[in-house]
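Residue-level structure breakdown
Single-letter residue listing:
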Amino acid sequence: MTFAPELHGADLRPSISVIGQVAALTNRSIRGMWRQGEFFLGIVAPIMLTICFYVPLRSIFDSFPGVNYAQFLMPVICLQSVGFVATSAAMRSANDGTVGITERLRSMPVSPVVPIVARLFANAVLLAISLGWAMLSGLVIGWRPNHGPLNLLGFLAVAFAVGLLLAFGADIIGVLAKNPEATSQALALPQLILGMLSTGFVPEASFPEWIRPFARNQPISQFTELMRGFDNGNVTASMAIGPLAWAGGIAVLAVGGGVLLIVRSSRR
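Now for a quick tour of the structure. As the structure is a computational prediction, the values presented were derived from the model and not from experiment. (Residues numbered from 1 in each chain as written. Predicted model: local features only at pLDDT ≥ 70, side-chain atom pairs only at ≥ 80, totals over all residues. Heavy atoms only, no water.)

1. Details of the nonpolar core
The biggest cluster of nonpolar side chains holds 40 residues, and the ones touching the most others in it are Tyr69, Leu73, Cys78, Phe155, Phe201 and Met227. Of all the elements in the fold, those that place two or more residues in this core are helix 2 (38-57), helix 3 (69-99), helix 5 (113-141), helix 6 (148-177) and helix 9 (219-232). Broken down by element, this core gets its largest block of residues, eleven residues, from helix 3. In this structure, Phe201 is in contact with Phe53, Leu57, Phe61, Tyr69, Phe72, Leu73, Val76, Gly195 and Met196, ignoring residues within four places of it in sequence. (Core = buried A, V, L, I, M, F, W, Y, C linked by side-chain atoms within 4.5 Å. Buried < 20%, exposed > 50% of the residue type's maximum accessible area, 1.4 Å probe, protein only. Helix = DSSP H or I, 4+ residues; strand = E, 2+ residues; numbered from the N terminus. Contact = heavy atoms within 4.5 Å.)

Structure follows, in structure tokens:
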């Protein structure tokens, strides 16, 4: 006589691997971004940034003979475009907390790391789209990558790495804040101030003497000058010191916030 195995109380639901969970949540985020029009904004934002910066500011460079303002401006166009992705990431993660998605995932057998990684992958997709359209916009106004594929790769790598780091930090801020409107304002204002007071739009010599040290050493200026070094084909190791220091500081704060979020999630 053959007996069937005892199945009472057994959990017959198929287990899903961590990779499967990340893939499913990444797909969910990408579909949500599509429905909310974020991909469209990721295309429009670089175009509008290019128009708004290049058209009114190009006349400033009339006093700098031989300078191609499109070439000068291109790094900060890329950085402002990836900054848009960071703001979008923060609002999306904050909205997940508002509508209860974050709490729902905490009640499921899902590692707290999985939603963070999934959102990061989705943000990388939006980042690539936004950066690609920033490059196309730059080509339209006259920017050209004239110093070979390795310098172009370095230029893009800096922009993408900065964007990914900012998106990760902004995502953590959004989860902790749980307030999309406040999160958006908190991120947009520093980005606007640092952008205007950077060497991305005008040379350091154009600033008053008293504010030049700040304009020269703040993060957007540091990242801009490194990208400009690649774009001009004259990058040096010393150019990377400041950007790496700023990137390391941002990374420490972002990872610290991520650890706090994971610990807080694990206690529930």
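That shown, we press on.
2. Remarks on the side chain of Thr199
One can find Thr199 in the loop between helix 7 (180-196) and helix 8 (212-217). With relative accessibility at 5%, the residue Thr199 sits in the buried group. A distance of 3.0 Å separates the side chain of Thr199 from the side chain of Glu225, its partner in a polar contact. Other than its neighbours up to four places away in sequence, Thr199 contacts Phe72, Glu204, Ala215, Ser221, Thr224, Glu225 and Arg228. (Polar contact = N/O pair within 3.5 Å; in protein donor to acceptor, adjacent residues only side chain to side chain.)

3. Thoughts on the packing of helix 3 against helix 5
Where helix 3 contacts helix 5, the axes come no closer than 9 Å and their chain directions differ by 155°. Overall, the two elements helix 3 and helix 5 adopt an arrangement that is roughly antiparallel. Seen along the crossing, helix 3 lies across helix 5 with a hand that is right-handed. Each residue belonging to the contact of helix 3 with helix 5 can be placed in one class, and the counts come to 14 nonpolar, six polar and three charged. (Axes fitted to C-alpha atoms, helices over the stretch in contact; angles between N-to-C directions. Parallel < 35°, antiparallel > 145°, perpendicular 65-115°, else oblique. Left-handed = near helix turned anticlockwise from the far one by under 90°. Nonpolar A, V, L, I, M, F, W, Y, C, P; charged D, E, K, R; others polar.)

4. Considering the packing of aromatic side chains
Evaluation of the coordinates by the stated rule reveals five aromatic pairs. Arranged with centres 4.5 Å apart and planes meeting at 70°, the rings of Phe53 and Phe201 form a pair that is edge-to-face. In this pair, Phe53 sits in helix 2 while Phe201 sits in the loop between helix 7 and helix 8, placing the two residues 148 residues apart along the sequence. Centroid distance Tyr69 to Phe72: 6.2 Å. Interplanar angle 20°. Geometry classified as stacked. Note that Tyr69 and Phe72 are positioned in helix 3 at a spacing of three residues, about one turn of the helix. An identical accessibility class is assigned to Tyr69 and Phe72; each is buried. By way of ring pairs, the aromatic residues Tyr54, Tyr69 and Phe72 are connected into one cluster. (Phe/Tyr/Trp six-rings, centres within 6.5 Å; stacked < 30°, edge-to-face > 60°.)

Bear in mind that shape data such as this cannot, by itself, settle questions of function.
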